[in-house]
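Coordinate analysis (summary)
What follows is each chain in one-letter form.
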Amino acid sequence: SRGLGDVYKRQLVAAVREYEQTQLPHRFAEWEQQKKSLPATWMVPELTQMRSGGGATLTKQDDGSILVSGTNPPIETLILTYTTTQTGLRAIRIEALAHPTLVKNGPGRGANGNFALTDLKVTAKSKTDPKQSVAVTLRSPRATFEQRGFAAAGAIDADPVVSGWAVDPEFGKDHAAAFEFAEPIGFPGGTVIEVTLSFHNNVGHGMGRPRIGFATQADLPLNAANAAESFKHALELPPDQRSEEQRQLLWKWFAPLDPGWQALQAKVQEHLKAMPKPRKVKALVSSEGLPPVRLHSQGEDFLPHTHYLRRGDPEQKEEIAEQGFLQVLTPEGADLSAWYRAPGATERTSWRRRALAEWLCDVDRGAGALLARVMVNRLWQHPLGRGIVATPSDFGTRGEPPTHPELLDWLASEFIAQGWKLKPMHKLIMTSAVYMQDSTADEARLRVDRENKLFWRRPVRRLEAEIIRDNLLAICGQLDRTMFGPGTLEESSRRRSIYFTVKRSKLIGMMIVFDAPEALVGVAERPATTIAPQALMLMNNPHVREWAKAFARRLDLPNDADVVRRAYALAVSRPPSADELADGVEFLEGQVEAYRAAGRADPRALALSDFAQAILCLNEVVYVE
């Protein structure tokens, strides 16, 4: 029955998708022609960080809400961080939304579906100058529904534990409470807003699916719609000037307002409720200090001691195997107890891993001296292409000896003196005379040291896959520099490439084609292949084309020569040569004429996009020279 249910579900979802592609754009256009003014909306800014003080799992939803699942702690604190460029914000709305995964559909995580918001704190600080920070004073609470004795005012009074906002007996419904700011907030250059929701009144009474919105209007209705921060800008643009991304954003916002879409989506949700639910069973926990899952083992779940076993037979235990450290890196007669720390009474682990870490970083008696050398050798290898020890994962007798042993020792001592901090070492190496050499080859020196072991020139090196993608986004003005937060599998993401989630069945094509390594295997040195798919990807990838269009908007100057100069300045940080300038102007003029002859709308914008993409394909964009 589940198989048939899945088929029916796919049919229902396909019907929704078909409606979104064929009918929704027309319905939105009709709505837009009839509207008199922009709708009053609560702005949902970009969520940059979210944390549960009780250890619950937080998952960001497409509508800007956060689904809370997993551990339901007795008391909960949710800390949510948002970033916005909007100024003059005057109110905040806390929505408690229902969800089928919650008890009685929520909106709380209590045994009856309730929640109890006992304290609400809002802090705003400048994105460009974090020292500018203000604790926001909240007033004028109002809510869609308030449990008797638990009004929204309880969330902002002097009692952070007992009084609070709750909604018994109105379970399984969406609720909202709004609070006015005593003074408008918003810093020039952007604002980071931290919202802290505390649930301390009753056991396990956290909120199951909160959503935070802000408004520049203090008395905005509680039932006003939500919109992403970029929504208002997209709606204010003339329809023919919107990008595909902006159109999709508007259609996505409009969909829940459209009766046809609502009817199709209701069928999907109704079917999901009727489908059989899988029985989830925890299979294994293999870590001391956590409740074990019994398998077919005999004896204790976690052994207090590890024994040597005769012939590997657990029934033939010999003496206890105590924790030890590599003898070759430990002075003879060293007191091994120096690295041990007895765990506290409330600790759930034995602290043996801490002892290993202490030994690893002990410069005088442990592995610290070797660890520092290995680390600085990797730091040297990254910008210069080759380590002082050419076998970075083998410092033993079978590895290559260092070409400059005194330099390696000095860098290691500096690394330790800097407190094992990486950034000062990166700066030290990249401001050195060795790094700042040019890459010019010299025949006489090539005859002596063709492999450049002595670092007499800086090798021409291609950027790594992640940096290539980040560099393209930065050139085009599209790079989202927000730090921290969850990863993603969306190739269209504009965040730095380190935020891609690694899933072996859904690898990012741009990363693979430029030699990004297998994430589950240690790699001492990355290869740098040169293959045709790399050029084809830069020429044909739809994301690269969108970035090129954004780059073109940065180049939209009246004079073609100025366009070419600005393109080279942004992309490769140098002016074009006379030939490059002439070729660029000729290319732009030719493309404009070709598009005009073909009857294409806005031929200059298309020509600029073509030129921008050609610039992105330059070798200089992906090589450090």
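Our subject is the structure that appears above.
To keep things clear, this report deals only with the structure shown in the data block.

Criteria and cut-off values
- Residues numbered from 1 in each chain as written.
- Predicted model: local features only at pLDDT ≥ 70, side-chain atom pairs only at ≥ 80, totals over all residues.
- Heavy atoms only, no water.
- Pairing = 2+ DSSP bridges.
- Helix = DSSP H or I, 4+ residues; strand = E, 2+ residues; numbered from the N terminus.
- Axes fitted to C-alpha atoms, helices over the stretch in contact; angles between N-to-C directions.
- Phe/Tyr/Trp six-rings, centres within 6.5 Å; stacked < 30°, edge-to-face > 60°.
- Buried < 20%, exposed > 50% of the residue type's maximum accessible area, 1.4 Å probe, protein only.
- Polar contact = N/O pair within 3.5 Å; in protein donor to acceptor, adjacent residues only side chain to side chain.
- Contact = heavy atoms within 4.5 Å.

1. Topic: the sheet that holds strand β11 (residues 191-199)
The antiparallel open sheet is built from five strands, whose spatial order is β2-β5-β11-β7-β8. Since the sheet does not close on itself, it has two edges, and those belong to β2 (46-52) and β8 (133-135), each with one partner. Direction aside, neighbouring strands of the sheet carry axes that sit 15° apart on average. With three bridges connecting them, strand β7 (residues 119-126) and β8 associate as antiparallel partners. From the neighbouring strand, T123 faces β8, where its bridge partner is A135.

2. A look at the packing of aromatic side chains
Applying the stated criterion across every chain, the model contains nine aromatic pairs. Between F115 and W165 the ring centres are 5.0 Å apart and the planes differ by 75°, which places this aromatic pair in the edge-to-face class. Taken together, the residues span a long stretch of sequence, with F115 in the loop between β6 (89-96) and β7 and W165 in the loop between β9 (138-143) and β10 (175-185) at a distance of 50 residues. The same class applies to F115 and to W165, which are both buried. On the numbers, 6.3 Å between centres and 40° between planes, the contact of F587 with F611 is tilted. Here F611 lies in helix α17 (residues 603-616) and F587 lies in helix α16 (residues 578-597), a separation of 24 residues in the sequence.

3. Considering the side chain of E180
Residue placement: E180 occurs in strand β10. Judged by its relative accessible area of 16%, E180 is buried. A polar atom in the side chain of E180 sits 3.3 Å from the side chain of S140. For E180, the contacting residues outside a window of four places in its chain are R90, A91, T137, L138, R139, S140 and A218.

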